[in-house]
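Single-letter residue listing:
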Amino acid sequence: MSDPPELLRRTAELAADYVASLEDRPVYPHVEPDELRAALGGPLPDEPLEAEQVVEELAAAAEPGLVAMGSGRYFGFVIGGALPAALAADWLTSAWDQNAGLYVGGPSASVVEQVTGEWLVDLLGLPPDCSIGYVTGAQMANVTGLAAARWHVLDAVGWDVGSQGLTGAPPVSVLVGAKGHVTIDRALRLLGLGAPTVVAADDQGRLVPEALREALGDGPTIVCAQAGEVNTGAFDPLPEIADLAEEAGAWLHVDGAFGIWAAVSPRFRHLVAGIERADSWTTDAHKWLNVPYDSGIVLCRHPESHRAAMTIAASYLIQDEGARQVRDQVDWVPEFSRRARGFAVYAALRSLGRRGLAELVERCCDGAARFAGAITELEGVEVLNEVVLNQVLFRFDSDKRTDEVLQRVQEESRVWMSGTTWDGRKAIRLSVSNWQTGDEEIDLAVDAFARACFGRA
């Protein structure tokens, strides 16, 4: 058998070598799938292998296909890196291997989720009695938040969806802006609520309040707003939406996958004005908080509805019955057994503190503004969004030109960002979300496009 301490020390060396390479390595790998299959595949050996050999060979075979998502030069999607403290805490999480479904499966895992929950509620300016759940990402956070909403609005009309299901239930109306994220649609599908009613959005992707007013009707209703449109970074007008939801007796759910973190910055907090009036919120710690994957968070103003929608019991489980005031995590998320995600979130928040978190958000937003100002100096470039946060949406004078330039930048791999489609035309989306991204990385991205424009990439 391998010596576990020695194996972990060697693994730490391999991991440290990879992290050290992020500053210089190509951001996107140039490798074919068949090459990776040849290196990683083949028949499963009949006999056991030493753990050291397995880890060494895995590291060598996987290395050519690794995307440097942790680099400050990665601008794709909305993906942060991993803060050193969060990465280290994530390693400890694996070593401790707590089952974070029940308090009895890991008391520290349970308590750290309570503590970080209190910190997050305070940082985001949400009602102090909010409940919290730690899930894989925004997809399951939206499932959880909307499950609580479904339970709540049906309970209000005398229908127990937990015991009676949806067959014969009063219909639930769900209204979503035209630029809402697709995870909302899939969450509704998983919950048996079907496709939402789509409400008009403006040219930045913001839900139009007057269109919402016209779409609202009677009966159980859920309104879905967002803080940070995925292409433009735009925020729905939350105060007006909250007013309309309140008048209609509707549940207001806010998808704040990355944009909700504007709340921690004195400079950008105005963007989320009114967010505290919602009933549920979602975000990703593995985006702007720079916690390793996977780490999503759901918060709810109505703990009783949140718990009713999620809780489960079994004769063999050892669950809290209220006497010890402890937290059984299985009561708040769809998962049963799961990883103790709260440790990495705890480490990220403690390592940054209030000031560091605000500076991280503001530095990224300043980087986006710097890039937007510089990229428009290139011939044929049009910035399509009001750069209010950390997203820059731009294109060249034709779809063909946009695709060609982006491909050159991606192939050079000094920086990397993704393409998208906006209002039926090709565009490029740059997201500044990494704790290591500064002026040097932003200027490098601008230079990469300048080189690509003249075909020198």
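Further up the page is the structure itself.
Per chain, residue numbering runs from 1 following the sequence as it is written. Note on the predicted model: pLDDT of at least 70 is required for a residue's local features to be given, and 80 or more for side-chain atom pairs to be given and counted; whole-chain, interface and lining totals, by contrast, use all residues. Excluded from the side-chain calculations are hydrogens and water; all other atoms, namely the structure's heavy atoms, are used.

This part covers the pairing of strand β10 (residues 418–422). Alternating residues of β10 divide into Ser418, Thr420 and Trp422, all buried, and Gly419 and Thr421, none buried. Criterion used throughout: strands pair if DSSP finds at least two bridges between them. In this text, helices come from DSSP runs of H or I with a minimum length of four residues, and strands from runs of E with a minimum of two, each type numbered from the N-terminal end. The pairing of β10 with strand β11 (residues 425–431) spans 5 bridges and is classified as antiparallel. From the neighbouring strand, Ser418 faces β11, where its bridge partner is Arg429. Where β10 hands over to β11, the hairpin turn is made up of 2 residues, of which Asp423 adopts a positive phi near 50°. Each residue gets one of three labels from its accessible area relative to the maximum for its type: buried under 20%, exposed over 50%, partly exposed in between, using a 1.4 Å probe on protein chains only.

Moving on, we get to the packing of helix α1 (residues 4–21) against helix α3 (residues 51–62). Contact geometry of α1 with α3 gives a least axis separation of 10 Å together with a crossing angle of 10°. Classified by the angle between their axes, α1 and α3 sit roughly parallel to one another. Counted together, Leu7, Arg10, Thr11 and Leu14 of α1 and Ala51, Glu52, Val55, Glu56 and Ala59 of α3 form the full contact between these two elements. Looking at the contact of α1 with α3, its residues break down into 5 nonpolar, 1 polar and 3 charged. Only C-alpha atoms enter the line fits that serve as axes; for helices the fit covers just the stretch in contact. Angles between N-to-C directions range over 0 to 180 degrees. Roughly parallel means an angle under 35 degrees; roughly antiparallel, over 145; roughly perpendicular, 65 to 115; everything else is oblique. Contact criterion: two residues are considered in contact whenever any of their non-hydrogen atoms come within 4.5 Å of each other. Under the grouping applied here, Gly and all other residues not named as nonpolar or charged are polar, the nonpolar ones being Ala, Val, Leu, Ile, Met, Phe, Trp, Tyr, Cys and Pro and the charged ones Asp, Glu, Lys and Arg.

For the rest of this paragraph, the subject is the sheet that holds β10. If you trace the 4 strands from one edge of the open sheet to the other, you get β8-β9-β11-β10, paired in antiparallel fashion. Of all the strands in the sheet, just β8 (382–383) and β10 have a single pairing partner and so form its edges.

Attention now goes to the pairing of β11. Of all 7 residues that make up β11, 5 are buried, and the element is covered over most of its length. Note that strand β9 (residues 391–395) and β11 share 4 bridges and pair antiparallel. Paired with Phe394 across the strands is Ile428, a residue of β11.

Spatial relationships are all this shows, so hold off on functional conclusions.
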